[in-house]
Amino acid sequence: MQKTFKNEKILFAEPLFQCDGLAGFTRSELYENAIHRTLRINQLKKEHNWTQEDFDIAIRCLNYEVGFVIHLSMFIPAIERLATDDQKAKWLPLAESYRILGTYAQTELGHGTNLMALETTATFDPRTDEFVLRTPQLSSMKWWPGSLGKTATHAIVLAQLIIGNKNYGMNPFMVQLRSLEDHMPLPGIIVGDIGAKLGANSNDNGFLILNDVRIPRENMLARNSKVTKDGRYIQTSTNKANYATMVLVRLSIIRWAEDTIKNGSLIAIRYSAVRRQSSLQAGGPEMQVLDYQTQQYKIFPSLAASYALFFTYEAMMKEYEIAYAQIMRGNNQLLGQIHGQLSGLKAFASDLVTYELEMCRRSCGGHGYLKASVVGETLLHTLPLVTVEGDNTVMYLQCARYLLKQIAKALAGQDVDEPTSYLKKDILSYTCPVQKGEHCTNPNYLLKIYTQRAHSAIASVARQLQFDLESGKDQSSAFNNNLVSLVQAAKAHCQLCLMKNFVESVSALERTCSENLASVLRQLCLYFGLHGIVTASGEFLESEAIGLQQLEWIKAEELKSLAAIRPNAVALVDAFDLHDQTVMSALGRYDGNAYQHLFEAAKREPMNQTQVPPAYYKYLRDLIKGQPLAKL
Ligand SMILES: CCCCC/C=C/C(=O)SCCNC(=O)CCNC(=O)[C@H](O)C(C)(C)COP(=O)(O)OP(=O)(O)OC[C@H]1O[C@@H](n2cnc3c(N)ncnc32)[C@H](O)[C@@H]1OP(=O)(O)O
Ligand SMILES: Cc1cc2nc3c(=O)[nH]c(=O)nc-3n(C[C@H](O)[C@H](O)[C@H](O)COP(=O)(O)OP(=O)(O)OC[C@H]3O[C@@H](n4cnc5c(N)ncnc54)[C@H](O)[C@@H]3O)c2cc1C
């Protein structure tokens, strides 16, 4: 499941990467520790000739709890996608050698989603051949960019390009923020950290005010558009190509989601295998809680989601690489497809894992509320994924917008993209394929149900929109009246994508792996399909993909699937091949000694370093001795 990191032993031999000690760190200590880690991994990469992939896997092994995440995941990729060859030649060596440290400064205090309304301006001054950058009012200040607060020396600032009195829309500008001599902010630059967050507090997400900061004209990243010396704006590619970095990050968020749900399901399943509580027979031995049907019902979805997201990430990485190669050759034909697909799948993956991680946490009982279980921390670290790189609702709507265009093409008899080829079918040609027995236990049949449900949801909202428009509603009112259905249609398409990738990946693996492994993966894929139908049964019924009788059969098969997965559940999470130091959980250690590790963690608690707490001498001693308390 995870490319085994042959360098794990090297990484985790160093105390710096042993995560137990992070508890009790202040924000400054977390921040410093994260930077130290990234630089040490960089040294290890050089000392051991690691590849860039090894470097990336090392960071994943540390659950991205490292410094310069945005420098690595956005600043450098943005230069690669938005800069001309000459600009790449200048900026990439500096960024890759950490001579400059960057961030991607797009979101403002007043706007994050609506890029057209960003208020930061870059006004061309032909007299000096410069751009003047300003954040004109409080709501304009950049707010949220990672590493902006205390680390970044440079930022790719997304700003409205103004030439004369004309606004040419959002464009990217390389802006130096801090001196490379003493790290002090440069004139006109006000930066700082935006304050503590629910999680990821090693990251100095920051704010940036720009007071008439001047940069040379060549600092506008000009792969897709440029300004000539005499002030002419020349667009060389669709300005949507300037959004390319976000598409890449949305892809990496699918893998981030996969990584977090693997951690969560591993902790929940390993702990549920060692935890014994109560018994179903009076006086009988206490049961492993993993044997309770309800416990399986709670945590096997996260196990199935781990594999589903692994297969979807692999499939989308291939799709992205094809699209990106074409886009970098100036062919934007696949831009809309990759944007529509990754917008929806980033939203669906992050929604799925944040829900299932909470179920994993709940399944650990009281110990799931301890930081030492890490499952709660994992959830806190995952929560931003539903917002970063595009709020999920907005991302679903982008996906829905793509699906509407595709079904319009299909209905007009035109070609459609491969991911939406099912829309070419006649919506009335589906039949309810599911009969008892064979049909409910064959993922390929379930795939037909998912296809009909998605097609039906998209066709239905397209019809409703058309009806609203024909009944006189204007475009925006018609859209706003159907946003919920548009999101629902996007989710249906994304869930179909996950199921399709799961079925096709297992089918491909069957040709090369053992029958034992194939049957386990088929079982998990079947369970993923059955569970997905049960949890959205209303939509499946509404689409007439199934009737009540089929739903009854499917629910019965789902519960039977739980028992079928149980014998392999621990092996399926062991197959993630995650080092104990990656999972970091006292409940999820490979040796299963959860209670011992919990107690070890408690003993490391800073409050336990003294027997008598300082508060005793301040408040409790006189109280307990019945002495009058001094005025507090
Ligand atoms: C490792 C993880 C670290 C995470 C750290 C976090 C970083 C961040 O969060 S960075 C900031 C992320 N911010 C966003 O994602 C902003 C979200 N908002 C948008 O992307 C856009 O405002 C929008 C897509 C919601 C709306 O775009 P807009 O241009 O305002 O208008 P339209 O919806 O009409 O789109 C027009 C046209 O452009 C196409 N398009 C939109 N986005 C993209 C894209 N990323 N790539 C390619 N094409 C895109 C859209 O499909 C429309 O096309 P047509 O229908 O053909 O006109
Ligand atoms: C941990 C973290 C790290 C970040 N790092 C960066 C970074 O490095 N660089 C950067 O530039 N940004 C960064 N961001 C900002 C992030 O990209 C934005 O927060 C995100 O794009 C959402 O925008 P917003 O905050 O304005 O939310 P809003 O858009 O204000 O969302 C508020 C509500 O309005 C709804 N809404 C908004 N628009 C619509 C619409 N058109 N239709 C229907 N509903 C709508 C949303 O669904 C949501 O429920 C980061 C954010 C976080 C939390």
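Definitions and cut-offs
- Residues numbered from 1 in each chain as written.
- Chains lettered and ligands numbered in written order.
- Predicted model: local features only at pLDDT ≥ 70, side-chain atom pairs only at ≥ 80, totals over all residues.
- Heavy atoms only, no water.
- UniProt positions renumbered as here; feature names shortened; annotations may be inferred.
- Helix = DSSP H or I, 4+ residues; strand = E, 2+ residues; numbered from the N terminus.
- Areas by Shrake-Rupley, 256 points an atom, 1.4 Å probe, with all protein chains shown as cover.
- Lys, Arg positive; Asp, Glu negative; His and termini not counted.
- Charge placed at Lys NZ, Arg CZ, Asp CG, Glu CD.
- Pairing = 2+ DSSP bridges.
- Core = buried A, V, L, I, M, F, W, Y, C linked by side-chain atoms within 4.5 Å.
- Buried < 20%, exposed > 50% of the residue type's maximum accessible area, 1.4 Å probe, protein only.
- Near = heavy atom within 4 Å.
- Polar contact = N/O pair within 3.5 Å; in protein donor to acceptor, adjacent residues only side chain to side chain.
- Nonpolar A, V, L, I, M, F, W, Y, C, P; charged D, E, K, R; others polar.
- Domains from an automatic or database assignment.
- Contact = heavy atoms within 4.5 Å.
- Buried area = accessible area lost by both parts, 1.4 Å probe.
- Salt bridge = Lys/Arg side-chain N within 4 Å of Asp/Glu carboxyl O.
- Disulfide = S-S within 2.5 Å.
- Phe/Tyr/Trp six-rings, centres within 6.5 Å; stacked < 30°, edge-to-face > 60°.
- Lys NZ or Arg CZ within 6 Å of the ring centre and 35° of its normal.

- Under an unreviewed UniProt entry, the protein chain has the name Acyl-coenzyme A oxidase and belongs to Potamilus streckersoni.
- In the Subcellular location (unreviewed entry) part of its UniProt record, the protein chain is described as follows: "Peroxisome".
- Quoted verbatim from the Cofactor (unreviewed entry) field of the UniProt record, the comment on the protein chain reads "FAD".

**Focus: the overall build of the protein chain**
Stage number 1. For the protein chain, the helix and strand inventory stands at 20 helices and 11 strands.
Stage number 2. Summarising its shape, the C-alpha atoms of the protein chain cover approximately 90 × 85 × 55 Å along the three principal directions.
Stage number 3. Accessible area for the protein chain stands at about 28800 Å²; split by element, carbon and sulfur atoms hold 55% of it.
Stage number 4. For the protein chain, the distance from the average position of its 64 positive side-chain charges to the average position of its 63 negative side-chain charges is 2 Å.

**Quick word on the sheet that holds strand E4 (residues 142-143)**
Stage number 1. Taken in spatial order, the three strands line up as E4-E8-E7 in an open sheet, and their pairing is antiparallel. Edge positions in the sheet fall to E4 and strand E7 (189-193), since each has one partner strand and no second.
Stage number 2. Bridge analysis of E7 against strand E8 (residues 206-210) gives five bridges, and the strand direction is antiparallel. Looking at the pairing, Ile189 lines up with Leu210 of E8.

**A few points about the nonpolar core**
Stage number 1. In terms of nonpolar packing, the biggest core is built from 112 residues, with Phe300, Leu303, Tyr307 and Phe502 touching the most fellow members.
Stage number 2. It is helix H7 (residues 293-328) that contributes the most residues to this core, 16 residues altogether.

**Side note on the site of ligand 1**
Stage number 1. In the neighbourhood of ligand 1, 26 residues make up the surrounding shell, with Thr113, Lys240, Arg250, Glu389 and Lys405 lying closest.
Stage number 2. His339 places a side-chain nitrogen or oxygen 3.3 Å from a nitrogen atom of ligand 1.
Stage number 3. Backbone polar atom of Glu389 to an oxygen atom of ligand 1: 2.9 Å apart, as the coordinates give it.
Stage number 4. Ranked by the residues each element gives to the shell around ligand 1, the list is headed by helix H6 (residues 244-274), at five residues.
Stage number 5. Taken together, the residues of the shell around ligand 1 sort by class into 13 nonpolar, eight polar and five charged.

**Details of the domain arrangement of the protein chain**
Stage number 1. Taken as a whole, the protein chain is organised into domain 1 (8-67), domain 2 (99-236) and domain 3 (245-572).
Stage number 2. A separation of 32 Å is found between the C-alpha centroids of domain 1 and domain 3.
Stage number 3. Counting residues at the interface gives four residues for domain 1, matched by seven residues for domain 3.
Stage number 4. Between domain 1 and domain 3, a total of about 520 Å² is buried, with carbon and sulfur atoms accounting for 40% of that surface.
Stage number 5. Together, Arg60, Asn63 and Tyr64 form the three largest contributors to the area buried by domain 1 at its contact with domain 3, with a combined 83%.
Stage number 6. The partner of Arg60 in a salt bridge is Asp259, with the nearest N and O atoms 2.7 Å apart.
Stage number 7. Counting across the domain 1 and domain 3 interface gives three residue pairs in polar contact (both at pLDDT 80 or more).
Stage number 8. In the side of domain 1 that touches domain 3, the residues fall into one nonpolar, one polar and two charged.

**What to know about the state of the cysteines**
Stage number 1. One pass over the full model with this rule turns up zero disulfides.
Stage number 2. Here Cys497 is not disulfide-linked; the sulfur of Cys494 is the nearest cysteine sulfur, at 5.8 Å.
Stage number 3. Sulfur of Cys525: no disulfide; nearest cysteine sulfur belongs to Cys513 and is 13 Å away.

**Topic: the site of ligand 2**
Stage number 1. Residues in contact with ligand 2 amount to 20 residues; listed here are only the nearest, Tyr104, Thr107, Thr113, Gly146 and Asp391.
Stage number 2. Contact distances for ligand 2 include 2.9 Å between a nitrogen atom and a backbone N or O atom of Tyr104.
Stage number 3. Within the backbone of Gly146, an N or O atom sits 3.0 Å from an oxygen atom of ligand 2.
Stage number 4. Burial of ligand 2 by the protein amounts to 63% of the accessible area it has alone, namely 970 Å².
Stage number 5. Examining the composition of the shell around ligand 2, we find that three residues originate from one element, helix H10 (residues 392-411), more than from any other.
Stage number 6. Considering only residue class, the shell around ligand 2 consists of eight nonpolar, 10 polar and two charged.

**A short note on the packing of aromatic side chains**
Stage number 1. As enumerated under the stated definition, the model contains 13 aromatic pairs in all.
Stage number 2. Taking 5.4 Å as the distance between ring centres and 40° as the angle between the ring planes, the aromatic pair formed by Phe68 and Tyr98 counts as tilted. Within this pair, whereas Phe68 is found in the loop between helix H3 (52-61) and helix H4 (69-82), its partner Tyr98 is found in the loop between helix H5 (85-96) and strand E1 (102-105), the two being separated by 30 residues in sequence.
Stage number 3. The class for Phe68 is buried, based on a relative accessible area of 7%.
Stage number 4. Note that Arg81 overlies the ring of Tyr324, its terminal NZ or CZ placed 4.2 Å from the centroid.

**Remarks on the UniProt feature "binding site: FAD" (unreviewed entry) in the protein chain**
Stage number 1. Mapped onto the present numbering, the UniProt feature "binding site: FAD" (unreviewed entry) falls on Thr107 and Gly146. In terms of the greatest pairwise C-alpha distance, the residues named above, spread along 40 residues, form a tight cluster of at most 10.6 Å across.
Stage number 2. Assignment of secondary structure puts Thr107 in the loop between E1 and strand E2 (121-125).
Stage number 3. When residues no more than four places from it in sequence are discounted, the contact partners of Thr107 are Gly112, Met141, Lys142, Trp143, Trp144 and Pro145.
Stage number 4. You can see Gly146 is positioned in the loop between E4 and strand E5 (154-163).
Stage number 5. Each residue touching Gly146, except ones within four places of it in the same chain, is listed here: Ile70, Thr103, Asn203, Asp204 and Asn205.

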